[in-house]
Amino acid sequence: MPELPEVETIRIGLAKLLPGLVIQDVQHDWQKSFPNAPADAVRFMMKASVKAVHRRAKVLIIDLSSKYSLVIHLKMTGQLVYVGKKRFGAGHPNKSLAGDLPDKSTRVTVDFTDGSKLFFNDQRKFGWMRLMPKIDVTEIDIFRKVGTEPLEDDFTVERFIERLSRRERSNIKSVLLDQTIIAGVGNIYADESLWGAKIHPSTLVGDIPKAKMVALYSSLRDVLNLSIEKGGSTDRNYVDSEGKPGSYLSFANVFRKNGQPCPRCGTTIEKIKVAGRGTHICPHCQKEPK
DNA sequence: CACTTGACCTGTCCGC
DNA sequence: TGCGGACAGGTCAAGT
């Protein structure tokens, strides 16, 4: 579920909430959700305080005062929700989406010494949290191979075109989803940015004229920035660090809008399959390549 | 190398 | 109301 804007929204929230808190205990209910966590590793978390919260691609990194970091990938249905002591229990701000915690999808609970808690929930159990020595964090595959961050200042349109051109003979949608080319784009923002640039998702990268590549670059950055501003996209599962949903989907133009009119031309939006993924297009604005 | 398929899981929705 | 199948925003490995 969570793509760059959702993970970044969580990071912004946690960066305000966690630093300075001291870990008292950690529990987990599913080995795959908290791998590499032998008793020893968990012991190294005790009494450590949170120093900082970072994001790279769709991965969160919580640096501790010890030599370790908590590294978290939310995959499809992961949530990372902080519940402060004052709000814990009755009156939680979002009963409908984050409910009373822990619940049946809570995989890992981190207790802090002030009585507050950080819950890692994950319905489908695809996500994970790992405790890693800081020096090893960059050795995770996704960090070794991951592409450029699309919102960094030095991610110019020239770099965008250079990176995409490494996959000239692939269709543009699968290239946008390829984390080794550009980091953080998933199905929602791939569809939205392609609609913005009027490019059919099956178009081969090498067949896209330069002007459209420039349009796609702008469209992608605009869509990601707008979504961060709106707190991300909530379909079913996504909530931010305080358990609140994001509102971007009400600004989306094509994603999950099949059957509705295209906001630009009024043609009915269709849902097709490209690169094995559900894909939303306006068949008038985004002409299928020959 | 490009692309597809299947796997990892649970929950929901849709049609019969 | 029950049941089977398709599907869900992400990655990874293996096969063609």
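Residues numbered from 1 in each chain as written. Chains lettered and ligands numbered in written order. Predicted model: local features only at pLDDT ≥ 70, side-chain atom pairs only at ≥ 80, totals over all residues. Heavy atoms only, no water.

**Points about the protein's contact with DNA strand B**
If you check the shell around DNA strand B, you find Trp-30, Lys-32, Lys-104, Gln-123, Arg-124, Lys-125, Phe-126, Arg-167, Arg-169 and Ser-170 and nothing else. Within 4 Å of the protein, the atoms of DNA strand B are drawn from sugar and phosphate moieties in a proportion of 67%. For DNA strand B, a sugar or linking oxygen lies 3.4 Å from a polar atom in the side chain of Gln-123. Here a base oxygen of DNA strand B and a side-chain polar atom of Arg-124 are 3.0 Å apart. Class assignment of the residues belonging to the surface near DNA strand B gives a composition of two nonpolar, two polar and six charged. (Near = heavy atom within 4 Å. Polar contact = N/O pair within 3.5 Å; in protein donor to acceptor, adjacent residues only side chain to side chain. Nonpolar A, V, L, I, M, F, W, Y, C, P; charged D, E, K, R; others polar.)

**Regarding the sheet that holds strand S8 (residues 128–133)**
Taken together, the four strands give an open sheet; going across it, the order is S2-S3-S4-S8, and neighbouring strands pair in antiparallel fashion. Pairing within the sheet leaves two strands with one partner each, and these edge strands are strand S2 (50–56) and S8. Averaged over neighbouring strand pairs, the angle between their axes works out to 20 degrees when direction is ignored. In this structure, strand S3 (residues 59–64) lies alongside strand S4 (residues 68–73), joined through five bridges in antiparallel fashion. (Pairing = 2+ DSSP bridges. Helix = DSSP H or I, 4+ residues; strand = E, 2+ residues; numbered from the N terminus. Axes fitted to C-alpha atoms, helices over the stretch in contact; angles between N-to-C directions.)

**Considering the protein's contact with DNA strand C**
In the vicinity of DNA strand C there are 20 residues, among which Lys-58, Asn-187, Asp-235, Lys-271 and Arg-277 approach most closely. Restricting the count to atoms of DNA strand C within 4 Å of the protein gives a sugar and phosphate share of 53%. At 2.8 Å, a side-chain N or O of Lys-271 approaches a phosphate oxygen of DNA strand C. Listing elements by their share of the surface near DNA strand C, those giving two or more residues are helix H6 (187–196) and strand S10 (277–281). Considering only residue class, the surface near DNA strand C consists of five nonpolar, six polar and nine charged.

**Quick word on the nonpolar core**
In terms of nonpolar packing, the biggest core is built from 32 residues, with Leu-18, Phe-34, Ile-62, Leu-80, Phe-112 and Leu-118 touching the most fellow members. Listed in part, the 30 residues of the second largest apolar core include Ile-181, Val-185, Ile-208 and Val-223. (Core = buried A, V, L, I, M, F, W, Y, C linked by side-chain atoms within 4.5 Å. Buried < 20%, exposed > 50% of the residue type's maximum accessible area, 1.4 Å probe, protein only.)

**Some details on the sheet that holds strand S1 (residues 23–28)**
As summarised here, the arrangement of the four strands in space is S1-S6-S7-S5, forming an open sheet in which the pairing is antiparallel. With partners counted over all chains shown, the strands left at the sheet margins are S1 and strand S5 (78–83), one partner each. Going across the sheet, the axis of each strand differs from the next one's by a mean of 15 degrees, ignoring polarity. As defined by bridge partners, strand S6 (residues 106–112) adjoins strand S7 (residues 117–122) across five bridges and the pair is classed as antiparallel. Its bridge partner lying in S7, Val-108 is registered against Phe-120.

**Considering the packing of aromatic side chains**
Under the criterion given, the structure shown has six aromatic pairs. The interplanar angle of 50 degrees and the centroid separation of 6.3 Å between the aromatic rings of Tyr-82 and Phe-112 together place this pair among those described as tilted. Taken together, the positions of Tyr-82 in strand S5 and Phe-112 in strand S6 put the pair 30 residues apart, joining distant regions of the chain. There is no split in this pair, since Tyr-82 and Phe-112 are both buried. A network of ring pairs unites the aromatic residues Phe-155, Phe-160 and Tyr-217 as a single cluster. The ring of Trp-30 carries Lys-125 above its face, with NZ or CZ at 3.9 Å from the centroid. The ring of Trp-195 has Arg-264 lying over it, and the distance from NZ or CZ to the ring centre is 3.8 Å. (Phe/Tyr/Trp six-rings, centres within 6.5 Å; stacked < 30°, edge-to-face > 60°. Lys NZ or Arg CZ within 6 Å of the ring centre and 35° of its normal.)

**Digging into the packing of H6 against helix H7 (residues 210–229)**
Two elements in contact, H6 and H7, have axes whose closest approach is 8 Å; the angle formed by their N-to-C orientations is 130 degrees. The orientation of H6 relative to H7 falls into the category oblique. The element H6 and its partner H7 pack so that their crossing is right-handed. Contacts between H6 and H7 pair Tyr-189, Glu-192, Ser-193, Leu-194 and Gly-196 from the former with Leu-216, Ser-219, Leu-220, Val-223, Leu-224 and Ser-227 from the latter. (Parallel < 35°, antiparallel > 145°, perpendicular 65-115°, else oblique. Left-handed = near helix turned anticlockwise from the far one by under 90°. Contact = heavy atoms within 4.5 Å.)

**So, the domain arrangement of chain A**
Each assigned domain of chain A is listed here: domain 1 (4–145) and domain 2 (157–281). Computed from C-alpha coordinates alone, the two centres of domain 1 and domain 2 are separated by 28 Å. The interface is formed by 26 residues belonging to domain 1 together with 24 residues belonging to domain 2. Summed over the shared surface of domain 1 and domain 2, the result is zero salt bridges. Along the contact surface separating domain 1 from domain 2 lie seven residue pairs in polar contact (both at pLDDT 80 or more). For the side of domain 1 that touches domain 2, the secondary structure elements donating two or more residues are helix H1 (4–17) and S5. Looking at the side of domain 1 that touches domain 2 element by element, the count peaks at ten residues for H1. (Domains from an automatic or database assignment. Salt bridge = Lys/Arg side-chain N within 4 Å of Asp/Glu carboxyl O.)

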